[in-house]
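Coordinate analysis (summary)
Here's the letter readout for the chains.
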Amino acid sequence: MTKLKINGEIHTIDVDPDMPLLWAIRDIIGFTGTKFGCGKGFCGACMVLMDGKAVNSCQLPVSSVGENELITVEGQTENLQLLQKSWEEHNVPQCGFCQSGQLITATALLNGNSNPSEEDINNAMVRNICRCGTYPRIKKAINHSVELKNKG
Amino acid sequence: MKDVKNVSRRSFLKGLGLASGGLIIASGTTLFVACEPKDIVEFNPNLFVQLNSDGNLILVASRSEMGQGVRTSLTSVIADEMEADWDRVSIKQAVGDAKYGDQNTDGSKSVRLLFEEMRKIGAATKAVLITAAAKKWEVPASELRAENHFVIDNNGKKIGFGDLVEIAKTLEVPKDVQLKDPKDFKYIGKYLPSKDVANLSNGSAVFGLDKRVDNMKFAAIKRCPVAFGTVKSYDKTAALKVKGVIDVVEIPMLRKPFGPLGGVAVVATNTWAAFKGKEALKVEWDLGDNNAYDSEEYMKQLTANVHKKGKVAKTVGDVEGAFKKASKTIESTYQLPHLVHAPMEVPNAVVWVQGNTCEVWAPTQEPQRTRTEVSAFLETGEENVTVNVTFLGGGFGRKSKPDYIVEAAAVSKAIKAPVQVVWTREDDIQHGYYHTVAAQYMKGGLDKDGKVTGWLHRFALPSIASTFAPGTVDPAPFESASATNVPFEIPNMQVETGEAPAHVRIGWLRSVINIPHGFAINVFADELANEAGVDPLEFRLNLIGSDRIEETKNEYKYDTARLKHVLKQAAKNADWGKKLPEGHAMGLAVHYSFLSYVASVVEVSVINNKVKVHNIHSVIDCGLAVNKNTITAQMEGAAIFGMSLAFYGKITAKNGAIEQTNFGDYQMLRMPQAPKIYVEIVENNEKPTGVGEPGVPVIAPAIVNAIFKATGNRYRTLPLKDHKLV
Ligand code: FES
Ligand code: FES
């Protein structure tokens, strides 16, 4: 039995310890906001927050999560909600499939850096592919969130 | 989903085993409070509109949503003509059914083909509501108007749309209706945000991959590495040992345009177990006829075919004579590789076959073709197959082909349970319907004044037609069109085609044939400008020549004035000719496709042999701009899509098998490389034309032209990664 703390709730599941966290979240626990894009750590569609940092859940066996707190795109955390609002404001999503991952990576960025430069944003967001090409709007939405944050 | 359940509150409550009041029912983001259980009366004047007596308006989107914003664009047209309050609108996705008309979401034509029809539907609904109010108030309808979900009389007395439902139901819906004056549009022509933006930002939108059905299994399929190879034998022992794997079944190959490739499916209780089981599975293949396909060798063959005379697709004047008389001729050969769609969401489908009925939930661009193919496979009537369309995590043409859905039908039938077939990213890259690979030879003649007197365009590329009719070696007429309708005023022109047999499945990918043709035409025009010693912008405007309307087979006439206008605007917006920093340069391209006119000017720098694109100025004339938010987004996305293919796009085959595997070796543009993108939409009231695709073909040639300007190096093959520029 593996215990996972996701979005503030404990889930006890019976899976192979080497099952990637992505599939435990999607297929066993049933939160489908976290996406499968490549399964190899290339695209960032599967990002979740682990103790506030963005991790590719397709690369993380459930056994290595331990007591760490996980937050998915469905979860509640200040920077995520702030970013989601900016995403709406700037009409970021096209197909939307990559956006959970983009939002999680951006949340982790703001968690660690309340005033990221353009370079900081690029360095963080380079982990996420958007095949629809929403990068310019993602950047605007992140900057918008930063402004809101710093206004208080 | 924002769909409001299509049931009355009373039956809804009954269904939940509850009697009445005080209950809040949440359906996605739509909350409705059922304090006073009172039947909601529905008014369905047509297939696309459901007005409820509580005023909620449910509009049906018949086309698939894959990021192009079609759900919002189409329904906002109805709402506008209807004078509905957009906040009261929720969108319902249509199932695949011919009663909705053509639902094929492809070819940048949803808005173009449905705009008038959606307007009429909205206008007719408004007319009935006005008549209903006239009846109720016993006044002439001519004294009433509709505004923001109300019918209003001249004194300002008003009644809500919902309150008119009972009467409206008894009335006939008029056929001939007055459409609005475009200057009165409220939603059309504005930057209307997508209705789905919140759900697409909080994880609640249901993509195909997110669909869950009770007792659903998951399956992954091992397919032959070579297209149309077949299973000789397989050993399932190791696969069955994987925890979670429950079954292994063979899938037939149906050599039809959209039939499965065939293979062996591993069925499991979760996706990961299915993937692991697939890896463990041992299959012996009969590789079939395509096992010698080597894309490098093949390119040599295609190139040889364009270096000799081909079949003539168009001829004007005497091109050979023009070359003889020319004071200068130049020749160039362009080579572009296969590409694959790689939508962010891999192909997948949930199918549940029960006896001779079947239900499908799938991210599909073509629900009706899906219905036809699945029912043919199951040998059952179409009426027994329900195709529910989920959100699509990108399509780009890949999800027009329902092979992956028929696969799921085959697995469900075999295991007698609902199943979700999930492709791995490797499957997606290695078993696609590939964008063609192309060799093109261009020859141009210039007179002593630098005027172009002769133009020869010869191309060879495996045709999409080969997917429908195996053995086809010549392009289909539509695959010549973007070369034959080149809008240049040159007295002697010829377009020829060479043979090109296909060794993989060839499909259509965002902007299709316009990618190779737009590239060769725009780069060669730039080469001619350089040869003539004329600025590329001036040269190109001269090449397009006089203002004229070119005859076409449809009502959309090809207007060279509009083409020149987008080019001039893009140049103006980019400040073409301005002084740029060291190592920087601009390049341009202009192309007409999907009935729209697009030009882009890009600014690049090449420093230490590395290219960076700094900004892109694109201008589109797509007729009346129905949703400027969507159009801008599509043009931004098209620029990124075009850059991905210019920088990295290359699929190669060896021994018949695709060599690339995943995003590690089939790379995509990422945020640090994304330039600033500026989009201008030309304002006019012409008929709306294509938006999703026409932004793509100009990007790669504009970049190549800019690199030439910056470095003097002309790159005639893509991707730029092969030239170590990225
Ligand atoms: S799915 Fe995990 S990085 Fe792509
Ligand atoms: S919005 Fe479609 S992949 Fe990013």
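Residues numbered from 1 in each chain as written. Chains lettered and ligands numbered in written order. Predicted model: local features only at pLDDT ≥ 70, side-chain atom pairs only at ≥ 80, totals over all residues. Heavy atoms only, no water.

**A short note on the sheet that holds strand E7 (residues 144–147) of chain B**
Residue and element names in this part refer to chain B.
- Read across the sheet, 3 strands follow the order E7-E8-E9 without closing on themselves; strand pairing throughout is antiparallel. The strands lining the two open edges of the sheet, one partner per strand, are E7 and strand E9 (158–160). Averaged over neighbouring strand pairs, the angle between their axes works out to 25° when direction is ignored.
- Taken together, the 3 bridges between strand E8 (residues 150–153) and E9 define a ladder with antiparallel strand orientation. Bridge pairing in E9 places Phe 150 opposite Gly 160.
- Against the sheet, helix H3 (residues 110–137) makes contact with E7, E8 and E9, and its axis sits at roughly 130° relative to E7, the strand it touches most. (Pairing = 2+ DSSP bridges. Helix = DSSP H or I, 4+ residues; strand = E, 2+ residues; numbered from the N terminus. Axes fitted to C-alpha atoms, helices over the stretch in contact; angles between N-to-C directions. Contact = heavy atoms within 4.5 Å.)

**Considerations on the domain arrangement of chain B**
Residues and elements named next belong to chain B.
- Considered domain by domain, chain B is made up of domain 1 (1–40), domain 2 (42–184), domain 3 (208–289 + 347–422) and domain 4 (307–340 + 434–723).
- Its C-alpha centre places domain 2 at a distance of 40 Å from the equivalent point of domain 4.
- Facing 13 residues of domain 2, the contacting portion of domain 4 comprises 17 residues.
- Between domain 2 and domain 4 the total buried area reaches about 1100 Å² when both faces are included, carbon and sulfur atoms providing 59% of it.
- The largest per-residue losses of area from domain 2 upon contact with domain 4 belong to Ser 108, Arg 112 and Phe 115, which jointly make up 46% of the total buried on that side.
- The tally of links from domain 2 across to domain 4 stands at 0 salt bridges.
- For the side of domain 2 that touches domain 4, the per-class residue count stands at 4 nonpolar, 7 polar and 2 charged. (Domains from an automatic or database assignment. Buried area = accessible area lost by both parts, 1.4 Å probe. Salt bridge = Lys/Arg side-chain N within 4 Å of Asp/Glu carboxyl O. Nonpolar A, V, L, I, M, F, W, Y, C, P; charged D, E, K, R; others polar.)

**Focus: the sheet that holds strand E27 (residues 596–607) of chain B**
Residues and elements named next belong to chain B.
- Strand order across the open sheet formed by 4 strands is E26-E27-E28-E31, with mixed pairing between neighbours. Edge positions in the sheet fall to strand E26 (584–593) and strand E31 (676–681), since each has one partner strand and no second. Sheet twist, expressed as the average angle between the axes of neighbouring strands with direction ignored, equals 15°.
- Bridge count for E26 against E27 is 10 bridges, and the pairing is antiparallel. In the sheet register, His 584 faces E27, and the bridge partner there is Ser 605.
- Packing against the sheet, helix H17 (residues 628–647) makes contact with E27, strand E28 (610–621) and E31, and its axis sits at approximately 135° to E31.

**Considering the nonpolar core**
- Counting residues in each nonpolar core, the largest one holds 222 residues, and the members touching the most others are Leu4(A), Ile142(A), Val411(B), Trp455(B), Phe488(B), Phe647(B) and Ile703(B).
- The greatest single-element share of this core, amounting to 10 residues, is contributed by H17(B).
- Within the second largest apolar cluster, 46 residues are counted, among which are Leu51(B), Val70(B), Tyr187(B) and Leu624(B). (Core = buried A, V, L, I, M, F, W, Y, C linked by side-chain atoms within 4.5 Å. Buried < 20%, exposed > 50% of the residue type's maximum accessible area, 1.4 Å probe, protein only.)

**A short note on empty space enclosed by the protein**
- All told, the structure shown has 10 cavities of 30 Å³ or more when counted by the stated rule.
- Taken as a whole, the largest cavity encloses approximately 130 Å³ of empty space.
- In terms of lining residues, the largest cavity is bounded by 15 residues, among which Pro93(A), Gln94(A), Gly67(B), Gly69(B) and Ser194(B) are the most central.
- Per element, the largest residue contribution to the lining of the largest cavity is 4 residues, and it comes from H17(B).
- Looking at side-chain class alone, the lining of the largest cavity contains 4 nonpolar, 9 polar and 2 charged residues. (1 Å grid on protein atoms, 1.4 Å probe; cavity = no way out; pocket = protein on both sides within 12 Å on 5 of 7 lines; lining within 4 Å. Points joined across faces, edges and corners; volume = space filled by probe spheres on them.)

**A closer look at the UniProt feature "domain: Aldehyde oxidase/xanthine dehydrogenase a/b hammerhead" (unreviewed entry) in chain B**
- Under the feature "domain: Aldehyde oxidase/xanthine dehydrogenase a/b hammerhead" (unreviewed entry), the UniProt entry names residues 202–289 of chain B.
- In residues 202–289 of chain B, helix accounts for 17% and strand for 34%; the two terminal C-alpha atoms are 47 Å from one another. (UniProt positions renumbered as here; feature names shortened; annotations may be inferred.)

**Some details on the pattern of salt bridges**
Residue and element names in this part refer to chain B.
- Considering all chains together, one arrives at 44 salt bridges over all chains under this definition.
- A salt bridge links Asp 427 to Arg 223; the shortest N-O distance between them is 3.4 Å. On the criterion of sequence distance, the pair formed by Asp 427 in helix H11 (residues 425–430) and Arg 223 in the loop between strand E10 (217–222) and strand E11 (230–235) is long-range, its members being 204 residues apart. As far as burial versus exposure is concerned, Asp 427 and Arg 223 are alike and both buried.
- In this structure, Glu 550 engages Arg 548 in a salt bridge whose closest nitrogen and oxygen atoms are separated by 2.8 Å.
- Take Arg 548: its relative accessible area is 18%, and that puts it in the buried class.
- Put simply, Arg 223, Lys 278, Glu 407 and Asp 427 are held in one network by salt bridges that share partners.

**Quick look at the packing of aromatic side chains**
- Scanning the entire structure with this criterion turns up 20 aromatic pairs over all chains.
- Between Phe48(B) and Tyr100(B), the ring centres sit 5.8 Å apart and the planes meet at 80°, which makes this aromatic pair edge-to-face. Taken together, the positions of Phe48(B) in the loop between strand E3 (42–46) and strand E4 (49–52) and Tyr100(B) in the loop between strand E6 (89–93) and H3 put the pair 52 residues apart, joining distant regions of the chain.
- Judged by its relative accessible area of 5%, Phe48(B) falls in the buried class.
- The class for Tyr100(B) is buried, based on a relative accessible area of 11%.
- An aromatic cluster is defined as three or more aromatic residues linked by ring pairs; in this entry it consists of Phe258(B), Tyr433(B), Phe468(B) and Trp508(B).
- Taking NZ or CZ as reference, Arg131(A) lies 5.7 Å from the ring centre of Phe396(B), over its face.
- Geometry around Trp86(B) places Lys195(B) over its ring, the cationic atom sitting 4.7 Å from the centre. (Phe/Tyr/Trp six-rings, centres within 6.5 Å; stacked < 30°, edge-to-face > 60°. Lys NZ or Arg CZ within 6 Å of the ring centre and 35° of its normal.)

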